[in-house]
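Structural characterization, general
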Amino acid sequence: MAIKKQYLKSKPVCKVTFSVPAKEAKNVAVVGSFNEWNTEATELKKLKNGTFKGTVDLPSENSYEFRYVVDGTYINDEQADSYAWNDFAGAENGVLNL
């Protein structure tokens, strides 16, 4: 998995690209505090090489909790900036610091 951050000079926004290698998966989405944990809001697109990829524009100077949903299973990104315990989920979420 990979996270790429591209800060825009013209406005306080960061383009965050999420990449998840999941050749066998049918659906991959990124959910988090930036999309109210909606599993349909930010679905990633499957590329020919089997990687799912998508870009989200997020306001910079913030932190966001997030996870991936791979065919209904929630997983964390090992490249998250940090992790935060979430009582509702009963698990740690990845944290993205922009």
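Placed above this text is the structure.
Fair warning: this is a prediction, and the values are worked out from it, not measured in the lab. (Residues numbered from 1 in each chain as written. Predicted model: local features only at pLDDT ≥ 70, side-chain atom pairs only at ≥ 80, totals over all residues. Heavy atoms only, no water.)

Regarding the packing of aromatic side chains
Two numbers describe a pair of aromatic rings. These are the distance of the centres and the angle of the planes. Convention followed: Planes of paired rings set the category: under 30 degrees apart is stacked, over 60 is edge-to-face and the rest tilted, where pairs are Phe, Tyr or Trp rings (Trp by its six-membered ring) whose centres lie within 6.5 Å. In DSSP terms, a helix is any run of H or I states spanning at least four residues, a strand is any run of E spanning at least two, and both are numbered starting from the N terminus.
Following the criterion strictly, the structure yields five aromatic pairs and no others. When the centroid spacing of 6.4 Å and the interplanar angle of 15° are considered together, the rings of F18 and F34 count as stacked. Taken together, the residues span a long stretch of sequence, with F18 in strand 2 (residues 13–21) and F34 in the loop between strand 3 (28–32) and strand 4 (45–46) at a distance of 16 residues. Considering the side-chain rings of F34 and Y64, the 6.1 Å spacing of their centres and the 80° angle between planes classify their relative orientation as edge-to-face. Of the two residues, F34 sits in the loop between strand 3 and strand 4 while Y64 sits in strand 6 (residues 63–70), which places them 30 residues apart along the sequence. Through a chain of ring-to-ring contacts, three or more aromatic side chains come together here, namely F18, F34, Y64, F66 and Y68.

Comments concerning the pairing of strand 8 (residues 82–86)
What counts, and what does not: Strands were regarded as paired on the criterion that DSSP finds at least two bridges between them.
Here strand 8 pairs with strand 9 (residues 91–97) via five bridges, running antiparallel. Each residue of the ladder has a partner; that of Y83, found in strand 9, is G94. The hairpin formed by strand 8 and strand 9 contains four residues between the paired strands, and G90 there has a positive phi angle of roughly 65°.

Section: the pattern of salt bridges
Heads up, the condition is: By salt bridge we mean one thing: a side-chain nitrogen of Lys or Arg within 4 Å of a carboxyl oxygen of Asp or Glu. Each residue is assigned to one of three classes by its accessible area relative to the maximum for its type, calculated with a 1.4 Å probe on protein chains only: buried under 20%, partly exposed between the two thresholds, exposed over 50%.
Tallied over the full model, the rule gives two salt bridges. In this structure, the salt-bridge partner of K5 is D81, at a minimum N-O distance of 2.7 Å. Within this pair, whereas K5 is found in strand 1 (residues 2–7), its partner D81 is found in the loop between strand 7 (73–75) and strand 8, the two being separated by 76 residues in sequence. Given a relative accessible area of 29%, K5 falls into the partly exposed group. Residue D81 is classed as partly exposed on the basis of its relative accessible area, which comes to 38%. A salt bridge links K15 to D57, with the nearest nitrogen and oxygen atoms 3.1 Å apart. In this pair, K15 is assigned in strand 2 and D57 in strand 5 (residues 51–59), connecting sequence segments 42 residues apart. On the accessibility criterion, K15 (29% relative accessible area) is partly exposed. On the basis of relative accessibility, which here comes to 46%, the residue D57 falls in the partly exposed class.

Observations regarding the sheet that holds strand 1
Within the open sheet, the four strands sit side by side as 1-2-5-4. Their pairing is antiparallel. Because the sheet does not close on itself, it has two edges, and the strands there are strand 1 and strand 4. Alignment of strand 1 against strand 2, held across six bridges, turns out to be antiparallel. By the bridge assignment, I3 is partnered in strand 2 with F18.

That is the geometry; function is a separate question.
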